[in-house]
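# Survey of secondary and tertiary structure
So the chains spell out like this:
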Amino acid sequence: MAQLVTLPAIVADATDAVIESWLVETGADISRGQALADIETEKATVELEAESSGTLARILVEAGTTVEVGAPIAVLAEPGDGDAEIDGLLAGVHAETATSSTAGSGAAAEIEKDQTAVGGVERSNASQADTAGAAADAPVDTVEAATSDMTRVFASPLARRRARELGIDVTGLNGSGPGGRIIRSDIEAAAEAAESDSASTPTDAQPSAVSVGGTADVGYTDVPLTGMRRAIARRLTESKSTVPHFYLTGDIRMDALLDFRKQINVSLERQGIKATINDLVLKALGHALREVPEANAIWNENSIRTFDSVDISMAIATEGGLLTPVVHDVTNLSMAALCRTTQDLKARAGEKAIRQQELEGGSFSLSNLGMFGTREFSAILNPPQAGILAVGATEQRAVVSDGELSVASMMTVTFSADHRIIDGAVAGRLLTSLRTALEDPMSLVL
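Summary of the structure given here.

Calculation criteria
Residues numbered from 1 in each chain as written. Predicted model: local features only at pLDDT ≥ 70, side-chain atom pairs only at ≥ 80, totals over all residues. Heavy atoms only, no water. Helix = DSSP H or I, 4+ residues; strand = E, 2+ residues; numbered from the N terminus. Buried < 20%, exposed > 50% of the residue type's maximum accessible area, 1.4 Å probe, protein only. Contact = heavy atoms within 4.5 Å. Areas by Shrake-Rupley, 256 points an atom, 1.4 Å probe, with all protein chains shown as cover. Pairing = 2+ DSSP bridges. Axes fitted to C-alpha atoms, helices over the stretch in contact; angles between N-to-C directions. Parallel < 35°, antiparallel > 145°, perpendicular 65-115°, else oblique. Left-handed = near helix turned anticlockwise from the far one by under 90°. Nonpolar A, V, L, I, M, F, W, Y, C, P; charged D, E, K, R; others polar. Salt bridge = Lys/Arg side-chain N within 4 Å of Asp/Glu carboxyl O. Lys, Arg positive; Asp, Glu negative; His and termini not counted. Polar contact = N/O pair within 3.5 Å; in protein donor to acceptor, adjacent residues only side chain to side chain. Expected span 1.5 Å × (residues − 1). Patch = residues over 30% accessible without salt bridge, like charges linked within 9 Å, V, L, I, M, F, W, Y side chains within 5 Å.

The subject of this paragraph is the overall build of the chain. Across its full length, the chain carries 10 helices and 24 strands. Every one of the 446 residues in the chain was classed for burial, and the buried ones make up 40%. Here the contacts in the chain between residues at least 6 apart in sequence split such that 61% fall between residues at least 24 apart. Surface accessibility of the chain: about 23,300 Å² in total, with carbon and sulfur atoms responsible for 51%.

Turning next to the sheet that holds strand 23 (residues 387-401). Taken together, the 6 strands give an open sheet; going across it, the order is 15-24-23-22-18-21, and neighbouring strands pair in mixed fashion. Only two strands of the sheet have a single partner each, and these edge strands are strand 15 (245-253) and strand 21 (326-327). Two strands pair when backbone bridges link them, and strand 18 (residues 312-314) and strand 22 (residues 364-368) are joined in this way by 3 bridges, in the parallel orientation. Note on strand 22: the bridge partner recorded for M314 is L366.

What follows is about the packing of helix 8 (residues 277-291) against helix 10 (residues 424-439). Interhelical geometry of helix 8 versus helix 10 gives an angle of 135 degrees and a closest axis separation of 8 Å. Judged by the angle between their axes, helix 8 and helix 10 are oblique. The handedness of the crossing between helix 8 and helix 10 is right-handed. Together, L280, V281, A284, L285, H287, A288, L289 and E291 of helix 8 and R429, L430, S433, L434, A437 and L438 of helix 10 make up the contact between the two elements. Of the residues in the contact of helix 8 with helix 10, the class split is 10 nonpolar, 2 polar and 2 charged.

The next subject is the sheet that holds strand 2 (residues 16-22). Taken together, the 4 strands give an open sheet; going across it, the order is 5-4-2-7, and neighbouring strands pair in antiparallel fashion. The sheet is open, and its two borders are formed by strand 5 (45-49) and strand 7 (66-68), each paired with just one other strand. Here the average twist between neighbouring strands, direction ignored, is 45 degrees. Pairing of strand 2 with strand 4 (residues 35-40) involves 4 bridges; the strand directions are antiparallel. The partner of W22 across the bridge, within strand 4, is A37.

With that settled, the discussion passes to the pattern of salt bridges. Tallied over the full model, the rule gives 12 salt bridges. With a shortest N-O distance of 2.9 Å, R348 and D344 are connected by a salt bridge. With R348 and D344 both in helix 9 (residues 335-350) and 4 residues apart, this pair spans about one turn of that helix. For R375, the salt bridge identified is with E395, shortest N-O distance 3.2 Å. A residue pair is termed long-range when its members are at least 10 positions apart, and R375 in the loop between strand 22 and strand 23 and E395 in strand 23 qualify at 20 residues. The class for E395 is partly exposed, based on a relative accessible area of 25%. Among the charged side chains, a network of salt bridges with common partners joins D251, R375, E395 and R397.

Of the pairings in the sheet, the one linking strand 22 to strand 23 comprises 5 bridges and is parallel in character. What sits directly across from N368, in strand 23, is V391. Bridge count between strand 23 and strand 24 (residues 404-418): 13 bridges; the pairing is antiparallel. Note that in strand 24 the partner of R397 across the bridge is A408. The antiparallel pairing of strand 23 with strand 24 creates a hairpin that spans 2 residues between the two strands, and D402 there sits at a positive phi of about 55 degrees.

Our next topic: the side chain of K283. By the element assignment, K283 lies in helix 8. Comment: no salt bridge for buried K283; closest opposite-charge side chain is D329, at 8.4 Å. Among the polar contacts made by the side chain of K283, one reaches the main-chain carbonyl oxygen of T331 at a distance of 3.3 Å. Filtering out sequence-adjacent residues up to four positions away, K283 remains in contact with V330, T331, N332, L333, M335, L338 and L444.

Once that is clear, we can look at helix 6 (residues 227-242). The end-to-end C-alpha distance of helix 6 is 22 Å, a good match for the 22 Å that 16 residues give at a rise of 1.5 Å each. For helix 6, the elements touching its buried residues are strand 15 and strand 20 (322-323).

Here the focus is helix 9. For helix 9, with 16 residues, the first-to-last C-alpha span of 23 Å sits near the 22 Å given by 1.5 Å per residue. Looking at helix 9, one finds that the buried residues are M335, A336, L338, C339, T342, L345, R348 and A349. Looking at the buried positions of helix 9, the neighbouring elements they touch are helix 7 (255-268), helix 8, strand 18, strand 19 (316-317), strand 20 and strand 21.

Among the surface-exposed residues, M442, V445 and L446 lie close enough to one another that they form a single nonpolar patch of about 330 Å² accessible area. A relative accessible area of 41% places M442 in the partly exposed class.

Following this line, the structure appears as structure tokens:
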């Protein structure tokens, strides 16, 4: 019997995802566990695997489309299934969609239809409470809108809620979801279009464009937000506005570490790998978190959870935005194993091949902008982690040691810490431990 392939909830609390590409074509024989498509979530690209065997009879959603969790995206057929059986299956889905659309976004009560002509248009009336609460938004909250030729337009509960928030009338929209259903991305696209139209309409109070020299308009480009960029914006805004950050900055002498790196790379390069400064700082941060276990923790609302192993998120810049895959058990990894792990994560991050589970966990993060010549910066921590270490460039500076002026290779680092989890003294001990490990790098391998 033919069966639907629906979009699963790949990420906790996700409401939708993008079908980035299909890995198989219509008519292909599919085995259980075979990858069907690449799904782009807010943080990573994940392969969608088939839950059963069969033939990929139809692809319902084109690549590049945003799809809500639970929506059908393809049909798997068994031997003997023809177009009639598949059409019947899809007709049943469309019927269920229509039925679910007649329930309010949060109501479970059955809706009674009043065949009441309102200006020649048929409407569905929900309970009196829903009607009263949505009177001002009637065009948006109407569950079954209809055109003048009585053709219904269906919108998902999430889309209707978003439409209410943005003040968008769903009756004039063309849905991009299965069966023409209006989904959240359709609402947001309509809102952006309306905002653009509004901005381009001149008014008496506001000029329609900014002019340079009174003649030429200033050009601009609106770049649509990707799922990853939306996730970054949401998460970092939440962190900066709800987490009590505090900061500690310190300077670390790097001469011994640079010499140490040259020595170990002689051996590592024979194995086809190479230790970077970031690898050594990551190892030193793991060493410091082991010595200061109070900082190896996360905020757990009703408790502070500390960990036995040290798992650190490593910030990697990609074309689409920032990824923070987790390097597990940092303190127990050899330098060779650590370098292999970080090189693998960097390569797969650039190829959009980081798996979702590799982005989960960790108690602390490391962000390095030294390769861009940045001397120092403060990073925003990633809740519920205890903190993040921001690493600047290693550069030669004039220093005074024992009353003597000399030149040394120095690096400035800044801890951003969650004051709910750790206090200033704990963060100070962590910075001291990090400095000791980096200035005495042999301690990292002993």
